[in-house]
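# Architecture and fold: a report
Each chain is listed here by its residues.
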Amino acid sequence: MFSVIFVCLGNICRSPMAEAVFKQLIEERGVAQSFKVNSRATSDCEEDNPVYPPAQRTLREHGYNFTHRARQLTLADVKNADYVLVMDGMNYEDVLRMTGSGYADKVLRLGDYLPEKQDIDDPWYTRDFERTYREVYAACNAFLDWITGEHGNAFQYDKLN
């Protein structure tokens, strides 16, 4: 089983969008049994808050029925994860700082799976939740393509059930 955690600043916009999208993608591809998927924040500023309403609305418009409460990333989360996918360079630096850089090999930028290798901009500031959704969707698809290609044999059991 692969543990994947999506991380952004407050865990109310980008990372919950990525969690919802990735969970649906792994269901659609029939490999959900091989994953544990969560999302977290680098900050505690939104602790226990729901998904930000415009982000929630964007998810609903794309057919997701997703509920979530913001939680801050812990060292234990990182230790137990296989992949910690951050949304931007600041999140990357924050996670490395929080973990003492001891887990840098599993901390990756989600946007690096896009052809143009980019940060996933925070819609809290850009106000463009639809663009963020499109970037998250494309990057999650690309990451799932990569991981199923990289670890193809690990998913054969799911295909049999």
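In this report, we go over the structure that sits alongside the text. Note that the coordinates shown come from a computational prediction; the quantities given were computed from them, not determined experimentally. (Residues numbered from 1 in each chain as written. Predicted model: local features only at pLDDT ≥ 70, side-chain atom pairs only at ≥ 80, totals over all residues. Heavy atoms only, no water.)

### Quick notes on the side chain of R109
Looking at the element boundaries, R109 is found in strand β4 (residues 107-109). In this structure the side chain of R109 is engaged in a polar contact, spanning 2.4 Å, whose partner is the side chain of D112. Not counting residues up to four positions away in its chain, the partners in contact with R109 are V86, D88, G89, K117, Q118 and D119. (Helix = DSSP H or I, 4+ residues; strand = E, 2+ residues; numbered from the N terminus. Polar contact = N/O pair within 3.5 Å; in protein donor to acceptor, adjacent residues only side chain to side chain. Contact = heavy atoms within 4.5 Å.)

### Here we look at the pattern of salt bridges
Under the defined criterion, the tally for this structure stands at 11 salt bridges. Two residues, E130 and R134, come together in a salt bridge whose shortest N-O distance is 4.0 Å. Note that E130 and R134 are positioned in helix α6 (residues 129-150) at a spacing of 4 residues, about one turn of the helix. Ionic contacts of the salt-bridge type, sharing partners, join the residues R14, D88 and D122 into one network. (Salt bridge = Lys/Arg side-chain N within 4 Å of Asp/Glu carboxyl O.)

### Quick word on the sheet that holds strand β2 (residues 35-41)
Taken together, the 4 strands give an open sheet; going across it, the order is β2-β1-β3-β4, and neighbouring strands pair in parallel fashion. The two strands at the open ends of the sheet, each matched to only one other strand, are β2 and β4. Ignoring strand direction, the axes of neighbouring strands in this sheet form an average angle of 25 degrees. Sheet topology note: the strand β1 (residues 2-8)/strand β3 (residues 83-86) ladder contains 4 bridges and is parallel. (Pairing = 2+ DSSP bridges. Axes fitted to C-alpha atoms, helices over the stretch in contact; angles between N-to-C directions.)

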